[in-house]
Amino acid sequence: MLGLCGQRLPAAWVLLLLPFLPLLLPAAPAPHRASYKPVIVVHGLFDSSYSFRHLLEYINETHPGTVVTVLDLFDGRESLRPLWEQVQGFREAVVPIMAKAPQGVHLICYSQGRHRLLEVAVPHLHAI
């Protein structure tokens, strides 16, 4: 069957498949619209939040909109205070952040920071 300008028209079955063409083509990746979980960063012994400024910048660049909190507690020699005091201080800082994040948070803890937050987070963990 000839169409305009001597070209052959497609078979009828091709015309029937045209509405399904979008399903056959790979979809273009949609921009990520879901919000990321908040991130809490805790330093280790003799350290401070300043040590994590590059990590903070990296997270902000690669995951814009992510709430990142680098805790500035028990810096330098203060990190030698009794662990139970530190755990209480971190609990007071972390629990409100966790309460605002029903889907959970990401914890990045360096060295002794892991021990501090583990004591705070264990009651809130659903899976390890």
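See the structure printed just above.
Report follows, based on the coordinates. (Residues numbered from 1 in each chain as written. Predicted model: local features only at pLDDT ≥ 70, side-chain atom pairs only at ≥ 80, totals over all residues. Heavy atoms only, no water.)

1. Focus on the nonpolar core
Formed by Ile40, Val42, Leu71, Phe74, Phe90, Val94, Ile97, Met98, Ala101 and Val105, the largest nonpolar core amounts to 10 residues. Where this core is concerned, the elements lending two or more residues are β1 (39–42) and α4 (83–99). Membership of the second largest hydrophobic core comes to 5 residues, among which are Val39, Val41, Phe52 and Ile59. (Core = buried A, V, L, I, M, F, W, Y, C linked by side-chain atoms within 4.5 Å. Buried < 20%, exposed > 50% of the residue type's maximum accessible area, 1.4 Å probe, protein only. Helix = DSSP H or I, 4+ residues; strand = E, 2+ residues; numbered from the N terminus.)

2. Topic: the sheet that holds strand β2 (residues 68–70)
Whenever strands of a sheet pair, they do so through backbone hydrogen bonds, lying parallel or antiparallel. Across the sheet, which stays open at both edges, the 3 strands sit in the order β2-β1-β3 with parallel pairing between neighbours. Looking along the sheet, the strands with just one partner apiece sit at the ends: β2 and β3 (106–109). On average, each strand axis in the sheet is inclined to that of its neighbour by 15°, with strand direction left out of account. The sheet contact formed by β1 and β3 spans 4 bridges and is parallel. Residue pairing for β3: Val41 is matched across the bridge by Ile108. Here helix α3 (residues 53–62) sits on the sheet and contacts β1, β2 and β3; the angle it forms with β2, its principal contact strand, is near 175°. (Pairing = 2+ DSSP bridges. Axes fitted to C-alpha atoms, helices over the stretch in contact; angles between N-to-C directions. Contact = heavy atoms within 4.5 Å.)

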